[in-house]
Amino acid sequence: AVRVTPRGTETRWVINADTAAIGAESYSWQYIGRGLTHLEYTHVNHITGTAAVSVAYEMLTARDPETMEGKHGFLFLYDLLTGSTKFKLGNSQNARSWVFLLLQLLHPHRRRPRVMSSILELAQLNLEVAASFPKFSLEDPKKTEEEKKKAEQEQQQQKGRRQQKKDGDQKQELNGKPGGPLDNLFTAIVQILEKAKEEGTLVLPSQLRGYARPPKHPKALEIPANKMPSGAQITKAPYDVVGHFPAISNFMCTERVLEPITVRELQTHAMLDDDLASKMAISPEEMGHFTSVPLQTGLDLDQFTVRLSRQDFGLAPVSEEVTFDVSRHVDAQSAVARDMQKRLDDDAKVFAGRENSSLKPKLKGLLDADLEGLVASGSQVDIQKAVDHLLHLRALLKQLKDKDSEYVTLAIPIVQRLANYVQLPFKIDTADAEQEDDTNRYTFFLRRYSEHETEMWLELLISSLMSSRAVEDWARLNPFVSPEVFQTGMRLVTGMLLKANRIGHINRIMEMCMDLVKMLRALAGDGPKPKLAGMVQKADALAGALLTGRHFVARDGPETYDPRFLVFEFTWNIMLRKEQVALVREFMSSLRSGKSLVKQMIMGAGKTTVVSPLLALMLADGDGLVMEVVPSPLLEFSRSVLRKIFSSVMHKRIYTFIFDRASEPGVSHVRKLQSAIQHGGIVVASSVAVKSVMLRLVEFLGHINDPTRHRPKQLEKDVTHMTQVIRLFQTGTLMMDEVDLILHPLKSELNFPVGARHDLDLAPFRWRLAIHLLDAVFAEERGGMSVPFKESTRAVTLLTSLKKAIQDGYECRAFQRSPHLVLLDPGFYHTHMKPILVDWLLLWLGDQQLGG
């Protein structure tokens, strides 16, 4: 969370200059250093760049506000003004503006003695006078050279007992006793100010009593009595002066009807003329295309694509049998092995059924055989014919794209005007009984004109598609929108999204067309020839893109759709795949029935960027916690993906839950989760954080139940907070990405020992013995040992024998060198290496003085 420091009290010293320093007496500063008043002084030779900004940051964020007596108080600012401290910020070396800003950060009620603040204020307003101010020095100007030399010698003798700061800085607490440095400084400044005043060179601003306060905003708007019917009371407008917060209630709308937009509807409710209404209308036929294959509109797909089966390619049907049989193997008799074989058999049948019944999209004129013939013959005429065919397709796509772009360009202002439209009467008839409604319309319109009410903007209107309370959301920002206008506006928004999404889809296909054209032209050129496999892959991808359909529209009865799928497509400029839609619906169905579900997806299928965000959008409804748990290396990536998706149109807060063994449990962890539930946010956490919460609670409970251990007072509070976190976990929904890694019994192990600490059995011999044995093996690669036996002739002899054995193993292929020393033949180890390692082990046992 970002903490914004509240603005300090305005001192008004720029207008009301303090003149206390003019003619001030010595008692105004001689009490400094007595009682509770101490003046800190640390001379700084220079301050530049980030150091200057750091000073302001320290003064702004300090727990106790800086005062005139502090280290950044009077003397620090005075040194900046007089040049004793060299200053540079950017290209500026003038410290006056910086002192002006820093002075505002001092505590407004603790700028005493007044003589200090008065000196700085007068110096700011009279630069020529301030130029004659003396520089502050701890040295007494009246000292003789001999006294100064003696003082320097004393300082050198005390140098070892004092801690010196860098650059010769020296922190001291000064006082204002007569004859001291402060007394000399203030006396000289007061004399200079008095002289300037007498000469008339000291300029002071006019004394003002204070700022003029702006008038308060009215709590309610009143209708003048002369505009009201006779005998009626003055009525207050039913609108809060603060206005309504422009936000969507929720994203829980699961179904909307997809209907065409008629010309009559646009003329009646959107008040469009005949020409514009005909452009903005969407026919039932085109709306049907949007629900199936969007590119059917204005494009004869049968002219460019064809769907072929395996038989069309001359391929035999895929067999339903697994091509190998390991059922009689001795290792295939366990229950796990039999389950694996059954799964393979089932998968083979599913795969065979899918492949034998599927129809693969292909480009007419660029089938596999056609491309193979072009590559083999290199005929310029045939290649140019194929290029013209693709360019004709691209031209048709360009026409459809331009038409959709015009629609979107026109639809945006129409939708915004329609949503914010307030119908105003031409005049107010005081005898009309509906006077109050007319007056409220004018009041609302004028308040919006004066920016006391907000207008609905495009992003908000698109988000309202996903709201189950969209009518209330519109009425909250425009209470005079009619139900008919609302329905027309929602249909226009839906049509605009469908058209905008088709524009993005066409752009991708046009790029595919040009890629394939470039490959065909390269085939006819003199340069490197493209590979046949690459051309087939490009042609298949283009055919598949042309026939891409929309899969989240239900066609049994009225055509309905989940608007969250449509808005997600628009936000990411994608077309959701059939598998992705089916998987999201399967997850949601499983959750509604209270069951858990695990699914496997290949890399690139949209697990992290599509399925998980869609599930989070649908689940984070403000009634329960939604948490996405990922492995620690994926935490930053998953969080960035969610923040990118939910930062526009679909606004959701993304929280990060961080906890480990070193974390101190507190109420902040509970409040973060409660805030996520309240605002319908999504919590991202690593698996380590979730496990640590549970294990930390187990540790605390063990501490409480142990009567021999001291129980701190904070312990019970920590247990309460951890229990609250666990309960919030239990009432929420958990999404696990990379579940095979998170729940892996070995890869996901978290070492979290609890209880009193005890030495391990046989410590430290248990690991020293292993290190000793491994060092002998690694010595062959490193060329020497790391254990303390370098002076032992026996140890050197054993390592030489072991090195020869390993070299022999490489030659007879008993060992493998890459990626490191790998044993391939256990028999070679037992015969040639183990005897040597036994003698090497006896060497270590003898050194440990162990016998038996």
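You'll find the structure just up there.
Here the structure is a predicted model, which is why all the values come from computation and not from measurement.

Across its full length, the protein holds 30 helices and 15 strands. Relative to its full complement of 852 residues, the protein shows a buried share of 39%. In the protein, the share of contacts with a sequence separation of at least 24, taken over all contacts with a separation of at least 6, comes to 77%. For the protein, the exposed surface amounts to about 50,300 Å²; the carbon and sulfur share of it is 54%.

The next thing to look at is the packing of aromatic side chains. Applying the stated criterion across every chain, the model contains 10 aromatic pairs. With a centroid separation of 5.1 Å and 85° between ring planes, the pair formed by W474 and F486 is classed as edge-to-face. Pair noted here: W474 is in helix α17 (residues 470–477) and F486 is in helix α18 (residues 483–524), with a separation of 12 residues, a long-range link. With respect to burial, W474 and F486 carry one shared label: buried. Put simply, the rings of F657, F659 and F729 touch in pairs and so form one group of aromatic residues.

Here we take up the packing of helix α25 (residues 687–705) against helix α26 (residues 713–730). Describing two packed helices takes the angle between their axes plus the distance from one axis to the other. Axis separation between α25 and α26 bottoms out at 10 Å; the angle between their running directions is 140°. Classed by the angle they form, the pair α25 and α26 counts as oblique. In this structure, α25 meets α26 at a crossing whose hand is left-handed. Two secondary-structure elements touch here, α25 through V690, V693, M694, L697, F700, L701, H703 and I704 and α26 through L715, D718, V719, M722, T723, V725, I726 and F729. Classifying every residue of the contact of α25 with α26 gives 13 nonpolar, two polar and one charged.

Core analysis: the biggest nonpolar cluster contains 75 residues, and L266, L492 and M650 have the highest contact counts within it. For this core, the element with the most residues is α18, which contributes 10 residues. Discounting chain neighbours no more than four positions away, the residues touching L492 are I261, L266, M280, Y407, I414, V415 and L418. Core analysis: the next-biggest nonpolar cluster, separate from the first, contains 41 residues, F74, Y78, W98 and L103 among them.

What follows deals with a negative patch on the surface. Together, E25, E194, E198 and E199 make up a region of like negative charge exposed at the surface. Tracing the backbone shows E25 in the segment before α1 (27–30). When its relative accessible area of 47% is taken as the criterion, E25 is described as partly exposed.

Along an α-helix, a turn takes 3.6 residues, which lines up residues three or four apart on a common side. Buried residues of helix α23 (residues 635–645): L635, S638, R639, V641, L642 and I645, and no others. The arc enclosing the buried residues of α23, seen along the axis, measures out at 160°, which places them on a common side. Where α23 is buried, its residues meet α20 (563–572), α22 (607–619), β10 (626–630), β11 (654–657) and β12 (682–686).

Summed over all chains, the structure comprises 25 salt bridges. The residue R491 makes a salt bridge to E259 at a minimum N-O spacing of 2.7 Å. Taken together, the positions of R491 in helix α18 and E259 in the loop between β5 (256–257) and α9 (263–269) put the pair 232 residues apart, joining distant regions of the chain. Owing to a relative accessible area of 22%, R491 belongs among the partly exposed residues under this scheme. Judged by relative accessible area, E259 falls into the partly exposed class, the value being 33%.

As for its position among the elements, N478 is in the loop between α17 and α18. On the basis of relative accessibility, which here comes to 0%, the residue N478 falls in the buried class. In contact with N478, not counting residues within four places along its chain, are A419, N420, Y421, V422, F444, R448 and M456.

Sheet strands line up and pair through hydrogen bonds in the backbone, either parallel or antiparallel. Judged by pairing direction, the sheet is parallel, and its four strands sit side by side in the order β11-β12-β10-β13 without closing on themselves. The sheet terminates laterally at β11 and β13 (733–736), the two strands that pair on one side only. The mean inter-strand angle of the sheet, taken between neighbouring strand axes irrespective of direction, is 25°. Relative to β12, β10 runs parallel, the two being bridged by four bridges.

What follows deals with the sheet that holds β5. With antiparallel pairing, three strands are arranged side by side in an open sheet as β5-β9-β8. Edge positions in the open sheet fall to β5 and β8 (553–554), since each of these has one partner strand only. Relative to strand β9 (residues 560–561), β8 is paired through two bridges, and the arrangement is antiparallel. When the sheet's bridge partners are listed, A554 is paired in β9 with T560.

As a rule of thumb, non-glycine residues mostly have phi less than zero, and peptide bonds are mostly trans rather than cis. A cis amide bond links A763 to the next residue, P764, at an omega of 0°. For P764, the position within the fold is in the loop between α27 (739–742) and α28 (765–782). For the bond running from S818 to P819, omega is 0°, close enough to zero to count as cis. Mapped onto the elements, P819 comes out in the loop between β14 (815–816) and β15 (822–823). We note that E451 has phi near 65°; this positive angle belongs to a residue other than glycine. Mapped onto the elements of the fold, E451 is located in the loop between α15 (435–449) and α16 (458–464). A relative accessible area of 72% means that E451 is categorised as exposed. Positive phi is not limited to glycine here, since N573 has a value of about 55°.

It is worth spelling out helix α14 (residues 380–420) at this point. Between its first and last C-alpha atoms α14 spans 60 Å; for 41 residues at 1.5 Å apiece the expected length is 60 Å, and the two agree. The largest bend along α14 reaches roughly 25° and is located at A411, with the proline P413 sitting one to four residues downstream.

With that settled, consider the pairing of β12. Burial of β12 is extensive: five of the five residues sit out of reach of the surface. Across the two faces of β12 the burial is the same, with I682, V684 and S686 and V683 and A685 all buried.

Mapped onto the fold, G504 is located in helix α18. Taking the C-alpha atoms as reference points, G504 and I574, 70 residues apart in sequence, are found 7.5 Å from one another.

Here we take up the packing of helix α3 (residues 74–82) against helix α8 (residues 181–199). With their axes 14 Å apart at the nearest point, α3 and α8 run at an angle of 55° to one another. On the basis of the axis angle, α3 is oblique to α8. Here α3 runs over α8; the crossing is left-handed. On the side of α3, the interface is formed by F74, L75 and Y78, while α8 contributes L182, L185, F186 and I189. Each residue belonging to the contact of α3 with α8 can be placed in one class, and the counts come to seven nonpolar, no polar and no charged.

Parameters at a glance
- Residues numbered from 1 in each chain as written.
- Predicted model: local features only at pLDDT ≥ 70, side-chain atom pairs only at ≥ 80, totals over all residues.
- Heavy atoms only, no water.
- Helix = DSSP H or I, 4+ residues; strand = E, 2+ residues; numbered from the N terminus.
- Buried < 20%, exposed > 50% of the residue type's maximum accessible area, 1.4 Å probe, protein only.
- Contact = heavy atoms within 4.5 Å.
- Areas by Shrake-Rupley, 256 points an atom, 1.4 Å probe, with all protein chains shown as cover.
- Phe/Tyr/Trp six-rings, centres within 6.5 Å; stacked < 30°, edge-to-face > 60°.
- Axes fitted to C-alpha atoms, helices over the stretch in contact; angles between N-to-C directions.
- Parallel < 35°, antiparallel > 145°, perpendicular 65-115°, else oblique.
- Left-handed = near helix turned anticlockwise from the far one by under 90°.
- Nonpolar A, V, L, I, M, F, W, Y, C, P; charged D, E, K, R; others polar.
- Core = buried A, V, L, I, M, F, W, Y, C linked by side-chain atoms within 4.5 Å.
- Patch = residues over 30% accessible without salt bridge, like charges linked within 9 Å, V, L, I, M, F, W, Y side chains within 5 Å.
- Salt bridge = Lys/Arg side-chain N within 4 Å of Asp/Glu carboxyl O.
- Lys, Arg positive; Asp, Glu negative; His and termini not counted.
- Charge placed at Lys NZ, Arg CZ, Asp CG, Glu CD.
- Arc of directions from axis to C-beta.
- Pairing = 2+ DSSP bridges.
- Expected span 1.5 Å × (residues − 1).
- Bend = angle between axes of the 7 residues up to and from the residue.

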